[in-house]
Amino acid sequence: FKKIIRDVPHFNHAMNQASLLETSISADAPPGVRIFCKRLIGEAMACAIEEDFENTRTMLESAGAFILARSRETSRIWYLTYSAMVTAPVLCVGLIAWIYIHTRTETILGEQFLWLVVCGAAGAVGALLSVISRSGALAFDAIAGRKLHFVESSSRIATGVISGVIAGFAIKSGIALKQVFDSN
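As for the overall build of the chain
Part 1: A count of helices and strands for the chain gives 6 helices and 0 strands.
Part 2: Moving toward the C terminus, one meets the helices and strands of the chain in the order α-α-α-α-α-α.
Part 3: Principal axes of the C-alpha set define a box for the chain whose edges measure 90 × 30 × 20 Å.
Part 4: Buried residues in the chain amount to 31% of all 184 residues.
Part 5: Restricting the contact set of the chain to residue pairs at least 6 apart, pairs at least 24 apart contribute 72%.

Listed below in structure tokens is the structure:
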């Protein structure tokens, strides 16, 4: 059986698009998702072999939309997971500092330092809440890999910690909100 393709340019375009889509499937996608993506691409290739280029285009568009949706879903899961994983130990240290401040009269590190640790933990929690509230609007791509998602989420949480420490320092030193704390 040998089929002669009459419309070689359209056929080649369809095959190139199919190959391009196939490379955009994340290696970290679940096996069932990868199989479904390849099935959609295979259906498009079958249409191209039959020179049904209208349905080839429709199938390639459907495959592309499916791949993009699964990629964004995977990306969002990684981003939220890594953000929570980075926040958890910072929050634990902050809680320990908070408990230590309220149960001990003297500290080796100093109460001011422990308050800054608590402020840093509060900043981390604030950053995590910000990540969670905006997670649907973020447009990452799973094809970029887990490492980028970890670096991006870690940097956001670190920014929250630093901001919390700066705010805590500004409040404790009287630079910010002095009137609020002086009235108490």
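Some thoughts on unusual backbone geometry
Part 1: Not every positive phi belongs to a glycine, and Glu-51 is a case in point at roughly 60 degrees.
Part 2: Inspection of the secondary structure puts Glu-51 in the loop between helix 2 (31-49) and helix 3 (53-103).
Part 3: In this structure Glu-51 comes out as buried when scored by relative accessible area, which is 17%.

Some thoughts on the pattern of salt bridges
Note on pairing: side chains with opposite charge can pair once their charged atoms come close.
Part 1: Within this structure, the stated rule accounts for 7 salt bridges.
Part 2: Notably, a salt bridge pairs Glu-54 with Arg-57, separated by 2.4 Å at the nearest N-O pair. Of the two residues, Glu-54 and Arg-57 are both situated in helix 3; the distance of 3 residues between them amounts to about one turn of the helix.
Part 3: For Arg-57, a relative accessible area of 39% puts it in the partly exposed group.

Focus on the layout of surface pockets
Part 1: In this structure, the largest pocket spans a volume of roughly 200 Å³.
Part 2: Taken together, His-10, His-13, Ala-14, Gln-17, Leu-21, Phe-53, Thr-56, Arg-57, Leu-60 and Glu-61 make up the lining of the largest pocket.
Part 3: Breaking the lining of the largest pocket down by element, the ones donating at least two residues are helix 1 (8-23) and helix 3.
Part 4: A breakdown of the residues in the lining of the largest pocket according to their chemical character gives 4 nonpolar, 4 polar and 2 charged.

Details of the packing of helix 4 (residues 111-134) against helix 5 (residues 146-172)
Part 1: Remark: helix 4 packs on helix 5, axes separated minimally by 6 Å, with the N-to-C direction vectors making an angle of 135 degrees. Our classification of the angle between helix 4 and helix 5 gives oblique. With respect to the hand of their crossing, helix 4 and helix 5 are arranged in right-handed fashion. Contacts between helix 4 and helix 5 pair Gln-112, Trp-115, Leu-116, Cys-119, Gly-120, Gly-123, Ala-124, Ala-127, Leu-128, Val-131 and Arg-134 from the former with Arg-156, Ile-157, Gly-160, Val-161, Gly-164, Val-165, Gly-168, Phe-169 and Lys-172 from the latter.
Part 2: Classifying every residue of the contact of helix 4 with helix 5 gives 11 nonpolar, 6 polar and 3 charged.

Describing the side chain of Thr-56
Part 1: Position of Thr-56 relative to the elements: it lies in helix 3.
Part 2: Classification of Thr-56 as buried rests on a relative accessible area of 2%.
Part 3: Polar side-chain contacts of Thr-56 include one of 2.8 Å to the backbone oxygen of Asp-52.
Part 4: Apart from residues lying up to four places away in sequence, Thr-56 is in contact with Ala-14, Ala-44, Cys-47 and Ala-48.

Rules of the game
- Residues numbered from 1 in each chain as written.
- Predicted model: local features only at pLDDT ≥ 70, side-chain atom pairs only at ≥ 80, totals over all residues.
- Heavy atoms only, no water.
- Helix = DSSP H or I, 4+ residues; strand = E, 2+ residues; numbered from the N terminus.
- Buried < 20%, exposed > 50% of the residue type's maximum accessible area, 1.4 Å probe, protein only.
- Contact = heavy atoms within 4.5 Å.
- Salt bridge = Lys/Arg side-chain N within 4 Å of Asp/Glu carboxyl O.
- 1 Å grid on protein atoms, 1.4 Å probe; cavity = no way out; pocket = protein on both sides within 12 Å on 5 of 7 lines; lining within 4 Å.
- Points joined across faces, edges and corners; volume = space filled by probe spheres on them.
- Nonpolar A, V, L, I, M, F, W, Y, C, P; charged D, E, K, R; others polar.
- Axes fitted to C-alpha atoms, helices over the stretch in contact; angles between N-to-C directions.
- Parallel < 35°, antiparallel > 145°, perpendicular 65-115°, else oblique.
- Left-handed = near helix turned anticlockwise from the far one by under 90°.
- Polar contact = N/O pair within 3.5 Å; in protein donor to acceptor, adjacent residues only side chain to side chain.

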